[in-house]
Each structure stands twice: as C-alpha cells, then as structure tokens.
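# Structural features, examined
Chain by chain, the residues:
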Amino acid sequence: MRNLWNDAETSGMTDLDLLVYQSRLVGAEASLVLWGGGNTSVKTTLPDFRGRDTPALVIKSSGADLKTARPEDFTALRLDDVAALFDRDDMPDEEMAAYLEHCALDPGGRRPSIETLLHAFIPAASVVHSHSDAVISLTNSGDPRAAARAVYGHQATVVEYLRPGFRLSKLVGSVARDESGCSGVVLSNHGLVTWGDDPGEAYQRHIDLVTRAEEYAASKARGKTVFAPGKGRRPSSPERRREVAAALAPVLRGLVCRTSRGVLRYDDSPGVLDLLASENGPRLTGIGPATPDHLVHTKRVPLWVDVKDPEDIPDLRDALGLGVDRFARAYEDWYRRHSDGTIPMRDPYPRVVLVPGVGMWTAGKDARAASIAWDMYRHTIDVLASAETVGSYTSLSERDAFEAEYWAMELYKLSLAPGEGPLAGRVALVTGGAHGIGEGICRRLAAAGAHVVVADLDAQGAADLAEDMVRSHGPARAMACRMDVTREDDVSAAFDRARLAYGGLDILVSNAGIAPVGAIDRLSLEEWQRAFDVNTTGHFLAAREAVRIMREQATGGSLVFIGTKNVPSPGKDFGAYSASKAAEVQLARVLAIENGEFGIRCNVVNPDAVFQGSNLWSREVREQRAGAHGIGVEEIEEFYRQRNLLRERVTASDVAETVLFLAGDGSAKTTGAMIPVDGGLRDAFPR
Ligand code: ZN
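Residues numbered from 1 in each chain as written. Predicted model: local features only at pLDDT ≥ 70, side-chain atom pairs only at ≥ 80, totals over all residues. Heavy atoms only, no water.

## Let's talk about the overall build of the chain
Inclusion rule: The way it works is that DSSP assigns letters per residue, a run of H or I at least four long becomes a helix, a run of E at least two long becomes a strand, and they are numbered from the N terminus. Buried residues are those whose accessible area, probed at 1.4 Å on protein chains only, stays under 20% of the maximum for their type, while exposed residues exceed 50% and partly exposed ones sit between those limits. Two residues form a contact once any of their heavy atoms are found within 4.5 Å. Throughout, the Shrake-Rupley method with a 1.4 Å probe supplies accessible areas, and for residues the shown protein chains are the sole cover considered. Asp and Glu count as negative and Lys and Arg as positive, but His and the ends of the chain are not part of the count. Every charge is mapped to an atom, namely NZ of Lys, CZ of Arg, CG of Asp or CD of Glu.
Each helix and strand counted, the chain has 25 helices and 18 strands in total. Expressed as lengths along the three principal axes of its C-alpha atoms, the size of the chain is roughly 100 × 70 × 50 Å. Taking all 687 residues of the chain together, 58% fall into the buried category. At a minimum sequence separation of 6, the contacts of the chain that also span at least 24 residues come to 74%. Entry remark: accessible area of the chain is about 28,100 Å², with carbon and sulfur atoms responsible for 50%. Averaging the positions of the 78 positive and the 95 negative side-chain charges in the chain gives two centres separated by 3 Å.

## Side note on the packing of aromatic side chains
The condition that has to hold: Each aromatic pair joins two rings of Phe, Tyr and Trp (for Trp, the six-membered one) with centres within 6.5 Å, and gets the label stacked for planes under 30 degrees apart, edge-to-face for over 60, and tilted for any other angle. Whether a charge sits over a ring depends on NZ of Lys or CZ of Arg being within 6 Å of the ring centre and within 35 degrees of the ring normal.
Under the definition given, this model contains 15 aromatic pairs. Here tyrosine 335 and tyrosine 406 contribute two aromatic rings whose centre-to-centre distance is 5.3 Å and whose plane-to-plane angle is 55°, an arrangement assigned as tilted. Taken as a pair, tyrosine 335 in helix 14 (residues 313-338) and tyrosine 406 in the loop between helix 16 (398-405) and helix 17 (408-415) lie far apart in primary sequence, 71 residues in all. Seen from their ring centres, phenylalanine 639 and tyrosine 640 are 5.4 Å apart, and the 80° between their planes marks the pair as edge-to-face. Of the residues examined, phenylalanine 639 reaches a relative accessible area of 24% and is grouped as partly exposed. Looking at tyrosine 640, the relative accessible area reads 7%, which means it is buried. One aromatic cluster in this structure is built from Tyr331, Trp334, Tyr335, Phe402 and Tyr406. The ring of phenylalanine 86 carries the charged tip of lysine 170 above its face, separated from the ring centre by 4.9 Å. Looking at arginine 625, its charged tip hangs above the ring of phenylalanine 574, at a distance of 4.2 Å from the centre.

## Focus: unusual backbone geometry
Even without a glycine there, the phi angle at aspartate 573 is positive, about 65°. Within the secondary structure, aspartate 573 sits in the loop between strand 16 (557-562) and helix 22 (575-595). Of note, arginine 647 is a non-glycine position whose phi angle comes to about 55°, a positive value. You can see arginine 647 is positioned in the loop between helix 24 (636-643) and helix 25 (652-663).

## Some words on the sheet that holds strand 6 (residues 184-187)
The criterion, for reference: Strand pairing is defined by DSSP finding a minimum of two bridges between the two strands. Axis definition: a line fit to C-alpha positions, over the contact stretch in the case of helices; interaxial angles, taken between N-to-C directions, run 0 to 180 degrees.
Judged by pairing direction, the sheet is mixed, and its seven strands sit side by side in the order 3-2-1-4-7-6-5 without closing on themselves. Of all strands in the sheet, those bounded by a partner on one side alone are strand 3 (74-78) and strand 5 (156-159). Taking each pair of neighbouring strands and ignoring which way they run, the sheet shows an average axis angle of 25°. In the packing of helix 7 (residues 144-152) onto the sheet, contacts are made with strand 5 and strand 6, and the angle to strand 5 comes to roughly 175°.

## Notes on the pairing of strand 4 (residues 126-130)
By the criterion of burial, strand 4 is predominantly enclosed, with five of the five residues buried. Covered by surrounding structure in strand 4 are Ser126, Val128 and Ser130 together with Val127 and His129, the residues of both alternating faces. Bridge count between strand 1 (residues 39-47) and strand 4: four bridges; the pairing is antiparallel. Along strand 4, the bridge assignment pairs asparagine 39 with histidine 129.

## Some remarks on the environment of phenylalanine 327
With respect to the helices and strands, phenylalanine 327 occurs in helix 14. Judged by its relative accessible area of 11%, phenylalanine 327 falls in the buried class. Phenylalanine 327 sits 62 residues away from threonine 389 along the chain, and the two C-alpha atoms are 29 Å apart. Apart from residues no more than four positions distant in its own chain, phenylalanine 327 is found in contact with Val301, Pro302, Leu303, Pro348, Tyr349 and Pro350.

## Some remarks on the sheet that holds strand 17 (residues 600-607)
Reading across the sheet, the seven strands line up as 14-13-12-15-16-17-18 and stay open at both edges, with parallel pairing between neighbours. Of all the strands in the sheet, just strand 14 (478-482) and strand 18 (674-677) have a single pairing partner and so form its edges. Strand after strand, the sheet turns through a mean of 20° between neighbouring axes, direction not considered. Judged from the five bridges that link them, strand 12 (residues 427-431) and strand 13 (residues 451-456) form a sheet pairing that is parallel. What sits directly across from valine 427, in strand 13, is histidine 451. Each of strand 12, strand 13, strand 15 (507-510), strand 16 and strand 17 touches helix 18 (residues 436-447); the most contacted strand, strand 12, lies at about 170° to it. Against the sheet, helix 22 makes contact with strand 16, strand 17 and strand 18, and its axis sits at roughly 170° relative to strand 16, the strand it touches most.

## Some thoughts on the domain arrangement of the chain
For clarity, the cut-off: An automatic or database domain assignment supplies the start and end points of every domain. Each of two parts loses accessible area, computed with a 1.4 Å probe, when they are put together; buried area is these two losses added. By salt bridge we mean one thing: a side-chain nitrogen of Lys or Arg within 4 Å of a carboxyl oxygen of Asp or Glu. We define a polar contact as two N or O atoms separated by no more than 3.5 Å, with the added condition that, inside protein, one atom must be a possible hydrogen donor and the other a possible acceptor, whereas residues neighbouring each other in sequence contribute only through side-chain atom pairs.
For the chain, the assigned domains read domain 1 (7-221), domain 2 (238-415) and domain 3 (427-612 + 649-680). Between domain 1 and domain 2, the C-alpha centre-to-centre distance is 29 Å. Counting residues at the interface gives 32 residues for domain 1, matched by 33 residues for domain 2. In total, about 2,700 Å² of surface goes out of reach between domain 1 and domain 2, with carbon and sulfur atoms giving 64% of it. Across the contact surface, domain 1 and domain 2 share zero salt bridges. In this structure, the connection of domain 1 to domain 2 is made through seven residue pairs in polar contact (both at pLDDT 80 or more).

## Let's talk about the environment of glycine 254
Counting through the fold element by element, glycine 254 comes out in helix 10 (residues 238-256). Judged by its relative accessible area of 9%, glycine 254 is buried. Counting along the chain gives 249 residues from glycine 254 to glycine 503, while the straight-line C-alpha distance between them is 8.9 Å.

## Observations concerning the side chain of histidine 338
Positionally, histidine 338 belongs in helix 14. Setting aside residues up to four positions removed in sequence, histidine 338 forms contacts with Glu398, Arg399 and Phe402.

## Remarks on the pairing of strand 13
To be explicit about the condition: When the strands point away from the viewer and the connection leading from the first strand across the helix to the second strand turns clockwise, the crossover is called right-handed.
For strand 13, the buried fraction is high: six of the six residues fall into the buried class. Neither face of strand 13 is open: one carries His451, Val453 and Ala455, the other Val452, Val454 and Asp456, and all of them are buried. Taking the sense of rotation as the criterion, the β-α-β connection linking strand 12, helix 18 and strand 13 turns out right-handed. The pairing of strand 13 with strand 14 spans five bridges and is classified as parallel.

## Considerations on the coordination of the zinc ion
This is how the line gets drawn: Excluding water, the donors of a metal are its N, O and S neighbours within 2.8 Å, or within 3.2 Å for Na, K and Ca, and that exclusion means sites may look incomplete.
Around the zinc ion, the protein contributes the donor atoms His129 (NE2), His131 (NE2) and His190 (NE2), at 2.2 Å from the metal centre. Counting the intervening residues between successive donors of the zinc ion yields the motif H-x1-H-x58-H. Under the relative-accessibility criterion, histidine 129 is labelled buried at 0%.

Okay, structure coming up:
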C-alpha cells in the first residue's frame, strides 16, 4: 500500500488540520475502510468555553466518512474526563455514551465515534483504526497469533476478538501502555490500530503494517488458486446472463423487500463469477463476515441459491423463493437463540444473494444502502481469497456475530441517515421525462425519495436531467435511457435496464405524448396514425412492461397516465389528439380493472395548458390554438389562465404534485380515477 503522506503539503498545519489530512488519506483506500468505517483521532490542547487551554481528544464523529472528512466531522472531548475511565473494569455502552456526552467541549455537538475509549486509552498523540482487508485476511485465517507473529514479530500485538466497547478499549489501552517497541495492535476478526507522536507517524505506521500483511499474503498466494472452478456453473454469454438476471431480479426484489421497501444492485463481474463458479464457494461464503462492522449491512451470511442449469428461469425463480424462505427461517431461529428481546428482530431477509452462473445481488433500503452492502461483500470476497491462501478462513462465532449485528451503537449509526421521503426505496420510470411536465414529475418523485429512470426520445436531455438529479440526491438515484415509446424493442430495453439497475419498478408515469393539430377533413392518415402510435400505443407498450415487472415482484404498484383536459372536453382542430388521448384513458381504465387483484393501481391526470418547458406547445401548436380561439399568439398563455375558474396558470410542478399523490400510498385506495389539474374548467367536469 502506498504511503501518501507528503511533508511539504502538511508543513505548518495545526493538529486538527493534520488529523483531517490523515483521515482523508486513510479514507481514500477502500481496502482500509468503507462507508463510515474506521476512525482517527488526535490529542491536543483546545480552549474550553471560557478560553482556558484544555487537553482534548479530537475524534471522528459517529457515522462520519473518513474519505470526505472535514473539520466539522470531528468531535472534541475533555481528555482528562475520558481518560479517567481507564481505571474502571467495565462499563455498559449506554452509560458510556451518556458519560461521553458530559465530556464534550462543545455541548450538543455530534456523538463521538463508537470506538472513542479505544483512542482515549492509548497514550500516544494520534491513533488510526481501520478494517484493513490485508490485516483481516491474517486474523481470519485460523491462527491469528501465529500469522501475525510471522509477519510482525514484536512490532504489533494480537488481541483476541472482543466486541467493540469498553472491554476491548481497555485491553488495547493496556497493551499500548505496557508493551515497549510495539506500534500497533491487531484486533482479531476486526482490524488494525496504530499510534504515533503525531498524525503523520500514526498513519505511516499503519501503512507499513498493512503493506507487510499484503506482501505476506501475496507470497503465500503464489501458485495457488483459491476459487477452483466447479462444473457446469458458467452461463453461456454475458448477454444471456443478463437476460436471466433481468428476468429474476423483480422476483428476488419482491422476496427480499416484502416488509420494507428497497432496491437491488446486480454484479456479474469476473471476481464475483469466479467465486460463484468455485467448488468451495458455498462453504466459504457460509462461514461468516470479515469484520463485525459489515454485519448490519450484509447480515451474517449471504444466501447461496444453486440450480442445475443457470439458464432455467422458472427453476431459478422457484429456487429463489425457497431459498429466501429458508434464509428467513434460519435468521429467525438465530435471533431467538441469542436475543434477550431488548432489540426487536430486524427483517429476516438476506442482503447478499449469490446465484452461480448469474451473479450477485445486494439489497438495501435505497441505492446507497445497496451499494454499501455491495462494496462490503466485494471486500469480503477479497478477504476470503486472501485468508484462504494464508490459512483457512474463519469468522466470528454465531454469538459474536449476533452481538455485532444487534449492537445498539452500530444501529444508532444507521439511524443517523437523513430522513426518508414518502417514496423512499421505490423505483419510478417516467416516459417523456426530459422536458416540461415530465421533467417536473421526475424532479418531484426524486425529491420524494424515489429512484427515477428518465426515459425520453431526447437522450441528451434525459442524461442531463438524470445527472442533475444525481447531484442533488446522490449516486444511482436517477438514470437516463433513450426510449421511443412507439418501438416495442426500445421500450422493453428501457424496462430491462430498470430491472438490472434497481431490481424492478414500482411506479410508471406514462407521459410521452404529441399534439398534432388540424381539422379532420384536412388531416392526413399519417398524422392520424402518428397520434395513435405515440398517444395510445406508446402507453400500451410502456404499461405492458411495467405491469409484467410489478406482477413478478408481487408488491403492488402504481401506473399514472398523463391524459389531457381534451379527453372530457375535446377541442376544435384537435381531433387526432383528442381521440388518441381518449383511447389512452380507456386503456388506463382497463389496466385498473385487470390489475386490481395484484394491488396495481392505474389512474389518470388531466392537465390543461402547461406551457413551461413544454415540447408539446410548439410554435405551430401555439399559433394554431390561438387561431382556433381567435386571439393573438402572444396572448395565449394569458387566455388559458383567464378561462379557468381559479384564474391560475397551471405549471409542471402542479401536475407533478398530483402525480406524486397518485404514485404514493396517499392514494392507496384509488384506482381507475381521473384527476384534473386545469385550474377548474366547467366543460371538463365529469358527466
Ligand atoms: Zn472497528
């Protein structure tokens, strides 16, 4: 591992700046820490609230990420008060958390890391703790003491596995105080702690110890193949593999997200497929997690689902159903065996699902959580391989794993995630999503927590919007795809992308439409047919794909069709438009009738005169409609405003609010309905 410390960059920095610099270097190495894991600290002097110089421990806040560390991600505590705890023999977690609140230099600030005492009890000025893959490979290889002695001699000491908390902190503190010449402690089945006289020294010792573990594992790995290929588990081609994955994903999503909403992430990269194709894969993946920090995200073990033929979709679907049920029963038994009932059981479904020949899925309450589980399991695979070359992979006992997953402090970290919107964990696809009403809908659904697929004929416009939503809401919260709603293959390809990217779909907003103008006696057959291709067949093709996915998931769903005020109240010279949109509404009603028994709802929103950013209201349509109403083209927006009862201009965000209502649980008992968003038009009242 490269030592990235640069003395020129750090000269003149304060202790706190050095700590931030050190933290970012540690955080930048994914094989050291992932997603809020690991922690760093410095002991320094800071003014208290009266300006008096006070010895302080500055430590990463609970849940903060080292990779993106900023000064405000650290919490300062009065060192004397914290260090005084070393004289005790034990302390329950809740008492420790309450005690540390009293030690804060800045009351009401963020909670300090769950490993604060470990840092406080080590007398050195700076401490770094990581979950280094290479070090864990040593400690999870059967005989951690022998492996560590072979690599480190007396430079680092190995301590037995203890759940993070007071007793582990005291043990590590004692080692650091007693053993001369030792610059680090290897925590069995957990990670590495190093210290130094300043953040630079603690970091450099960390990198040194990690590098030696890497070199040792590499020397042991020479000439060995850990994941020896098994027989007949490789699928024919990447294309076929993805076809199978797309067919399975909604079924799996429905199974693992049946009690709480969530999405899946799919991975069929070579490293994963090697593990899945190996003879020893089922045994190795059943042993347990690499480090206790992974447990809340990955659960103790993944679900391994095996069938004879990895292309046999019906057989795979059945095997997934049986596998998930078996996993849930085993989880419930495990919970009952170890729980004293103080923390209720978390959902019993797997977070990592391995299907030989097809790939790996990870599940989470949103794309971020699914990615955390993915990242952690990818690192677990590396650790498995490396530990097997050093010795034979071992993990926490069942009991220790239970205590790690149900450790209140770790669950507290999860609770720090930002509040969730009403559509959190759901996936929506919006056709014609790049502009106008579609854009407003995409933005509103994303703000409500949904993952949004922006489908549009304008590929660039869709990509720009998706990128913008990702900037606002986080990676993988939106994606773009080019889609011509009149082409069957285009439509099914777009929905396949949603199957692979998120595991399925909960909401379809069928919005793409065109507005050809012209009196019927002058309308060409091509124009007439084009209107029906987009405004009727386009909705049919999109809804057909959506309903197929929703039925496979078996968790309900919502289809929202964007109609028009012209359905109840058609307009002159708008024959092709009005007739094709009326057919769309009839289609929506039949969808509601056919899919009610599956909990899939279908409703229509009828907007009127939304001009903002609209491609529908082209120059030609504006001129034509102005002519039809006998007004000047520049008066048209004002004309439409004046003609409604509320005298309101209807905007894309007005339509989006109604779509949000129909997409979400607020309208759970409504299907087959039509809601106008038109400022109130007597002509369009239902009759
Ligand atoms: Zn740790």
